[in-house]
Amino acid sequence: MSSTPVAALELEGITKSFPGVHALRGVSLTLRAGTVHAICGENGAGKSTLIKIATGAQHADGGVIRIGGEVVDRPNRRQVQARGVRAIFQERQVAPDLSVTENVLLDRLPTRFGRVDWRRARQAAQARLDELEIDIDINAPVRSLSVAQLQMMEIARAVSFDARLIVMDEPTASLSRHELDPLFSVINRLRSAGVAILFISHHLEEVFAVADDVTVMRDGAVVAQGPASEFTTDSVVQAMFGRSVDAERVARHDAEVAAVPRIELRGVSSGRLDNVSVSVAAGEIVAVTGGVGAGVSELAQIAAGGAIPALGAVYVADSSDVMRKVRGRRHALSLGVAFLPADRKRQGLLLDKSVADNIVLGRQANGRSLVFSPMQARTAAASLVPLANVRTANTDVIVGSLSGGNQQKVMIGRWMGVDSRVMVFDEPTAGIDIASKFDIYAELRRLADAGVAVLICSTDFQEVGQVADRVLVMRSGRVVGEVRGELATEHQLLEMEMAQ
Ligand SMILES: Nc1ncnc2c1ncn2[C@@H]1O[C@H](COP(=O)(O)OP(=O)(O)OP(=O)(O)O)[C@@H](O)[C@H]1O
Ligand SMILES: [Mg+2]
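1. Quick notes on the overall build of the protein
Of the regular secondary structure elements, the protein holds 17 helices and 22 strands. Taken over C-alpha atoms, the radius of gyration comes to 23 Å for the protein, in line with the 23 Å a tight globule of 500 residues would show. Referenced to the eigenvectors of the C-alpha coordinate spread, the extents of the protein come out at roughly 80 × 50 × 45 Å. For the protein, the residues scored as buried account for 50% of the 500 residues in total. When contacts within the protein are restricted to residue pairs at least 6 apart in sequence, those whose partners lie at least 24 apart make up 68%.

Put into structure tokens, the structure is as follows:
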């Protein structure tokens, strides 16, 4: 008898091409039962394509897949599921009109006498959420949830102790430090119970916190692979990009900013928000941060004019520096307020349109430019693409075919090319690789130095410390503290967030 345990998943020489792209060039990987295997790689490296193939969501052009030691030939998702494989995909897979209970249990709702047993269903869904310390109402319609809450709901759906293999494609992209502990403790218990986990994240500290093994991919190929203990953050970064990445804080050169606010939220109460006041001056980058349920994303919506608060109001300085009360998104846009929503798919990108169309859309939407001809659109987009560091052969590519992170860069590129007076960016770099993050921070700083007021709403504590001049911390809809950017360490922010 062999003493080597059967691997939960073995991929051997997997290849996959899309028109014009070699997405995977012979990728091999072994995921041992009872271990966590992390896949790292820059945006577009091929991580999601690999896990879609492993879970039957897409078919490989070549190579062998073994699940639990058995070869599965061109599996579909049902066959893979029947072998105990669960997945959290990068693209949200939720039914917005159904409740949290239905979304968590999906096709596994308990039945009694041929009907759904709602009492048991609610109990089961609640138990799943409790396990992960997720505080959302199981009866709420899913369309009312924030991006972070949706993400946690999807985690609750996939994390099941009767699974043998759980694939997680960026499960933490829009979660704050706060929400990671319960997730990691469940991952640890799953691992002890013999479940194998494939974990993708652009946050390397998470990779080192949970992974037993690491695979680094670059341009569709494996460039480094081995036990996590044999890697350092630097060696992973070096393998990912072929160079090291400078993680310096992008501070303002000149300490003085105009004392006059360019955008101001005065005593805003709405939904979760409770008497919130925030102001950002021209030349300043202010970040608002907090955990899931703090109201950070709601604040972004309101600041951009996407929702009108029940109490209080948002004011934006017009070109003569007169403060105007914002009457809605269109009005805010006419005052020069750019808005990058956290939920890009629902609110931002046209997935079946080209990169050029999507980027130019921002310019047209702010009413400052005339409608572009297709030729002009392409030229304009080509000039904006490097700003957002979108890696795509040409700007005619359909946005829906780009990797998750590269789709985000298109959204960012759209707003960077517009001469805005205020930028409200909600989770600007969720899902974006670390090298591109620093490019984006540098670009935001350049825009601020040119006189833009930048408001960043972000659950990423590292990010706010890297880029903001001032950081406001929220909890349960209130601002509970403020700290200068250079003092905004993760530790400091966590303490402020937790303080009673
Ligand atoms: N359906 C598709 N049609 C055409 N090209 C595709 C398609 N899906 C993926 N690609 C291409 O395959 C490559 C790998 O994409 P993939 O989504 O696997 O990257 P990734 O490593 O997950 O990146 P990210 O970190 O941004 O999520 C990219 O160049 C992408 O544009
Ligand atoms: Mg991906």
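Following the structure, the description resumes.
2. Points about the nonpolar core
Val167, Ile197, Phe199 and Val236 are the most contacted members of the largest nonpolar core, which totals 74 residues. Considering every element that reaches this core, the biggest residue donor is helix 5 (residues 147–158), with seven residues. Residue contributions to this core reach at least three from each of two domains, namely domain 1 (7–241) and domain 2 (261–498). Not counting residues within four places of it along the chain, the set of residues in contact with isoleucine 197 comprises Val36, Ile166, Met168, Ile187, Leu190 and Arg191. With 73 residues, the next largest nonpolar core counts Ile263, Val278, Ile412 and Leu455 among its residues.

3. With respect to the domain arrangement of the protein
As far as domains go, the protein holds domain 1 (7–241) and domain 2 (261–498). Across the contact, 24 residues belong to domain 1 and 26 residues belong to domain 2. Listing elements by their share of the side of domain 1 that touches domain 2, those giving two or more residues are helix 5, helix 6 (177–192) and helix 8 (233–241). Broken down by element, the residue count for the side of domain 1 that touches domain 2 peaks at four residues, all from helix 5. Across the side of domain 1 that touches domain 2, the residue classes break down as eight nonpolar, 11 polar and five charged.

4. Thoughts on the sheet that holds strand 21 (residues 470–475)
In space, the six strands of this open sheet follow the order 18-19-20-15-21-22, with mixed pairing throughout. The strands lining the two open edges of the sheet, one partner per strand, are strand 18 (337–340) and strand 22 (478–484). Neighbour-to-neighbour, the strand axes of the sheet open up by a mean angle of 15°, direction not taken into account. Bridging between strand 15 (residues 285–289) and strand 20 (residues 453–457) involves four bridges; their strand directions are parallel. The residue of strand 20 that forms the bridge with valine 286 is leucine 455. Across the sheet, helix 9 (residues 296–303) touches strand 15, strand 19 (422–426), strand 20 and strand 21, and the angle it forms with strand 20 is around 150°.

5. Some thoughts on unusual backbone geometry
Only a minority of non-glycine residues have a phi that is not negative, and only a minority of peptide bonds are not trans. Look at glutamate 170: it is not a glycine, yet its phi comes out positive at around 55°. Of note in this structure, glutamate 427 is not a glycine but carries a positive phi near 50°. Here glutamate 427 lies in the loop between strand 19 and helix 15 (434–449). The class for glutamate 427 is buried, based on 26 C-beta atoms found within 10 Å.

6. Some thoughts on the site of ligand 1
If you check the shell around ligand 1, you find 18 residues, and the closest are Phe18, Asn43, Ser48, Ser403 and Gly405. For the shell around ligand 1, the class distribution of residues is five nonpolar, 12 polar and one charged.

7. Let's talk about helix 1 (residues 47–54)
Counting buried residues along helix 1, eight of its eight residues qualify, which places the element largely inside the surrounding structure. Taken as a whole, helix 1 has its buried residues at Lys47, Ser48, Thr49, Leu50, Ile51, Lys52, Ile53 and Ala54. Just downstream of helix 1 lies glycine 56, where phi reads positive at about 80°.

8. Some words on the sheet that holds strand 16 (residues 311–317)
Pairing is antiparallel across the open sheet formed by four strands, whose spatial order is 14-13-16-17. Lying at the two open borders of the sheet, with one neighbouring strand each, are strand 14 (273–281) and strand 17 (323–325). Neighbour-to-neighbour, the strand axes of this sheet turn through a mean angle of 20°, independent of strand direction. Relative to strand 16, strand 13 (residues 261–270) runs antiparallel, the two being bridged by five bridges. When the sheet's bridge partners are listed, isoleucine 263 is paired in strand 16 with valine 316.

9. Examining the pairing of strand 21
The element strand 21 is extensively covered by neighbouring structure, given that five of its six residues are classed as buried. In terms of strand pairing, strand 15 meets strand 21 through four bridges, oriented parallel. Across the sheet, the residue bridging to valine 286 is arginine 470, located in strand 21. In this structure, strand 21 lies alongside strand 22, joined through six bridges in antiparallel fashion. Within strand 22, the position partnered with methionine 474 by the bridge is valine 479. Between the antiparallel neighbours strand 21 and strand 22 lie two residues, among them serine 476 with a positive phi of about 45°.

10. Observations concerning the environment of phenylalanine 425
Looking at the secondary structure, you find phenylalanine 425 in strand 19. The spatial distance from the C-alpha of phenylalanine 425 to the C-alpha of leucine 494 is 22 Å, given a sequence separation of 69 residues. The residues touching phenylalanine 425, leaving out its near neighbours within four places in the chain, are Leu340 and Ile456.

11. Observations concerning the environment of asparagine 139
With respect to the helices, strands and loops of the structure, asparagine 139 is situated in the loop between helix 4 (118–131) and helix 5. When the C-alpha atoms of asparagine 139 and glycine 481 are compared, they prove to be 33 Å apart, with 342 residues separating the residues in sequence. Residue contacts for asparagine 139: discarding those within four places in its chain leaves Ser99 and Thr101.

Cut-offs applied
Residues numbered from 1 in each chain as written. Chains lettered and ligands numbered in written order. Predicted model: local features only at pLDDT ≥ 70, side-chain atom pairs only at ≥ 80, totals over all residues. Helix = DSSP H or I, 4+ residues; strand = E, 2+ residues; numbered from the N terminus. Rg over C-alpha atoms; globule rule 2.2 N^0.38 Å. Buried ≥ 20, exposed ≤ 12 C-beta atoms within 10 Å, placed from the backbone. Contact = placed C-beta atoms within 7 Å. Core = buried A, V, L, I, M, F, W, Y, C linked by C-beta atoms within 7 Å. Domains from an automatic or database assignment. Nonpolar A, V, L, I, M, F, W, Y, C, P; charged D, E, K, R; others polar. Pairing = 2+ DSSP bridges. Axes fitted to C-alpha atoms, helices over the stretch in contact; angles between N-to-C directions. Near = placed C-beta within 6 Å.

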